[in-house]
Amino acid sequence: AKETGRHSFRFYTAQMNERSLARITLENHLRRALERGEFVLHYQPKVSLPSGQIVGMEALLRWDSPELGSVPPDAFIPLAEENGLIIPIGTWVLRTACAQNKAWYDAGFPALSVAVNLSPRQFRQQDITAVIAEALAETGLPPHLLELEITESMVMQDATRVASVLNELKRMGASLAMDDFGTGYSSLAYLKRFPFDKLKIDKSFVIDITTDPNNAAIAKAVIAMAHSLHLKVIAEGVETQGQLNYLHDQGCDEIQGYFVSRPVAAGEFMRLLQGQPIA
Ligand code: C2E
Ligand code: CA
Ligand code: CA
Ligand code: CA
């Protein structure tokens, strides 16, 4: 038993070392990824109901590492959030998304709103409003064509500062969406203290909307309450016609999800735009 114990202990530490080594490797590569140009943005269309017209897109970060392969955001954003790299990465995302949207705008496509995810640490950075103002000024994107996606947890603390940052962003002309709605603890009434334009129903409620009466009821109630508070509603993670039909019947304003398209590279997104029926 003693023997086995020692062996399992050694096995355990070897595994631990492997894990921290993997983390250090990831971190070292992540540190160089920005300067080496390894990040790219993909864009997922947001379509308006009932027309089905593309009215905007969410910019989603992709990391193609020559050494590690394609690393999903869930595998490196929490690390970047911890070590602070999310600040320069987030600035790059903002600028790249604004520049891309301005290029499509200049190319004569109907005006689209590009949504950028802000991370908690980025949102807490002192000059976040200046960083956003600079991205708009440097790219020339009209501010109303930028939407910022902010999660519930980010507005839960320090309500005074949060309100002043969000009011400043609104004053600049950007629009504000509450991301992942329903996964946290805030109430709609609470959210009305902040100048949000839109609420994004989390995909965990959408996934079984056609099979789970509870989630169907939640989605229905959220849409109705949001509308009564003059907020627009978008549902994320829409994968089936049935989910779309239900959301449409409840008056949901926009949808996003694999049913319309996965997030795609800029070139492919442009082909989606070109393939659209003219409004
Ligand atoms: P999120 O902001 O909630 O983004 C939605 C996620 O759902 C994306 O995953 C998207 O690809 C995925 N998705 C879209 N449609 C469907 C669908 O129909 N079904 C399913 N199952 N999933 C769908 P992704 O791209 O892997 O991003 C994961 C998370 O990483 C994002 O969640 C966001 O929190 C974070 N993230 C991505 N890009 C950025 C960024 O530029 N900055 C920051 N701060 N976070 C980012
Ligand atoms: Ca988002
Ligand atoms: Ca989300
Ligand atoms: Ca999420």
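Our structure's up above, just so we're on the same page.
Right, let's walk through the structure included here. (Residues numbered from 1 in each chain as written. Chains lettered and ligands numbered in written order. Predicted model: local features only at pLDDT ≥ 70, side-chain atom pairs only at ≥ 80, totals over all residues. Heavy atoms only, no water.)

### Comments concerning the overall build of the chain
Moving on, step 1. When you go through the chain residue by residue, the secondary structure sums to 11 helices and nine strands.
Moving on, step 2. Relative to the globule expectation of 19 Å for 279 residues, the C-alpha radius of gyration of the chain, 21 Å, shows essentially globular dimensions.
Moving on, step 3. Its C-alpha atoms give the chain principal-axis dimensions of roughly 70 × 45 × 45 Å.
Moving on, step 4. Scored against the burial criterion, the 279 residues of the chain give a buried share of 46%.
Moving on, step 5. When the accessible surface of the chain is summed, it comes to about 13,900 Å², and 56% of that surface belongs to carbon and sulfur atoms.
Moving on, step 6. The positive charge centre, built from 26 side chains, and the negative charge centre, built from 32, are 4 Å apart in the chain. (Helix = DSSP H or I, 4+ residues; strand = E, 2+ residues; numbered from the N terminus. Rg over C-alpha atoms; globule rule 2.2 N^0.38 Å. Buried < 20%, exposed > 50% of the residue type's maximum accessible area, 1.4 Å probe, protein only. Areas by Shrake-Rupley, 256 points an atom, 1.4 Å probe, with all protein chains shown as cover. Lys, Arg positive; Asp, Glu negative; His and termini not counted. Charge placed at Lys NZ, Arg CZ, Asp CG, Glu CD.)

### Some remarks on the side chain of T139
Moving on, step 1. Note on placement: T139 falls in helix α5 (residues 128-139).
Moving on, step 2. Within the structure, the side chain of T139 is placed 2.7 Å from the backbone oxygen of A135, a separation counted as a polar contact.
Moving on, step 3. Within the local environment of T139, its side chain forms a polar contact with the backbone nitrogen of L141, the two atoms lying 3.4 Å apart.
Moving on, step 4. Excluding anything up to four places from it in sequence, T139 contacts R95, C98, A99 and K102. (Polar contact = N/O pair within 3.5 Å; in protein donor to acceptor, adjacent residues only side chain to side chain. Contact = heavy atoms within 4.5 Å.)

### Comments concerning the coordination of the calcium ion (ligand 3)
Moving on, step 1. All of the protein donors around the calcium ion (ligand 3) are D179 (OD), D180 (OD), E236 (OE) and E236 (OE); their distances to the metal are 2.2 to 2.7 Å.
Moving on, step 2. Each donor residue of the calcium ion (ligand 3) belongs to the same chain, and together they define the spacing D-D-x55-E.
Moving on, step 3. Here the calcium ion (ligand 3) and the calcium ion (ligand 2) are spaced 3.9 Å apart, with D179 acting as a shared donor. Residue D179 is found in strand β6 (residues 175-181), and its partner E236 is found in the loop between β8 (232-235) and α10 (241-249); the two are separated by 57 residues along the sequence.
Moving on, step 4. For E236, a relative accessible area of 9% corresponds to the buried category. (Donors = N, O, S within 2.8 Å, 3.2 Å for Na, K, Ca; no water.)

### A look at the site of ligand 1
Moving on, step 1. By nearness alone, 22 residues border ligand 1, and Q44, R62, K203, E239 and Y258 come closest of all.
Moving on, step 2. At a separation of 3.3 Å, an oxygen atom of ligand 1 approaches a polar side-chain atom of D180.
Moving on, step 3. Here an oxygen atom of ligand 1 and a backbone polar atom of Y258 are 2.8 Å apart.
Moving on, step 4. Of all elements in the fold, only β2 (54-65), α2 (73-83) and β6 reach the threshold of two or more residues within the shell around ligand 1.
Moving on, step 5. In terms of residue count, β2 provides more of the shell around ligand 1 than any other element does, four residues in total.
Moving on, step 6. Tallied by class, the residues present in the shell around ligand 1 amount to nine nonpolar, five polar and eight charged. (Near = heavy atom within 4 Å. Nonpolar A, V, L, I, M, F, W, Y, C, P; charged D, E, K, R; others polar.)

### As for the pairing of β2
Moving on, step 1. Most of β2 sits inside the fold, with nine of its 12 residues counted as buried.
Moving on, step 2. Relative to β2, strand β1 (residues 39-48) runs antiparallel, the two being bridged by nine bridges. In the strand pairing of β2, L41 is matched with L61.
Moving on, step 3. Connecting β1 to the next strand, β2, in antiparallel fashion are five residues, including G52 with a positive phi near 80°.
Moving on, step 4. One ladder, built from three bridges, connects β2 with strand β4 (residues 113-117); its direction is parallel. If you follow G56 over to β4, its bridge partner there is S113.
Moving on, step 5. Taken together, the three bridges between β2 and strand β3 (residues 69-71) define a ladder with antiparallel strand orientation. Across the sheet, the residue bridging to D64 is S70, located in β3. (Pairing = 2+ DSSP bridges.)

### Regarding the coordination of the calcium ion (ligand 4)
Moving on, step 1. Protein ligation of the calcium ion (ligand 4) involves D180 (OD) and D180 (OD), the donor distances falling in the range 2.8 to 3.0 Å.
Moving on, step 2. With respect to the secondary-structure elements, D180 resides in strand β6.

### Here's the deal with the pairing of strand β5 (residues 146-151)
Moving on, step 1. The buried count for β5 comes to six of six residues, which makes it a mostly enclosed element.
Moving on, step 2. Going residue by residue along β5, you find L146, L148 and I150 tucked away on one face and E147, E149 and T151 tucked away on the opposite face as well.
Moving on, step 3. Note that β4 and β5 share four bridges and pair parallel. Bridging across to β5, A115 finds its partner in E147.
Moving on, step 4. Note that β5 and β6 share five bridges and pair parallel. Residue pairing for β6: E147 is matched across the bridge by S175.

### Looking at unusual backbone geometry
Moving on, step 1. Between L49 and the following residue, P50, the backbone shows a cis peptide bond with an omega angle of 0°.
Moving on, step 2. Counting through the fold element by element, P50 comes out in the loop between β1 and β2.
Moving on, step 3. Positive phi is not limited to glycine here, since D180 has a value of about 55°.
Moving on, step 4. Since its relative accessible area comes to 25%, D180 is described here as partly exposed.
Moving on, step 5. In the Ramachandran plot, H230 falls in the positive-phi region, its phi being about 60° despite a non-glycine side chain.

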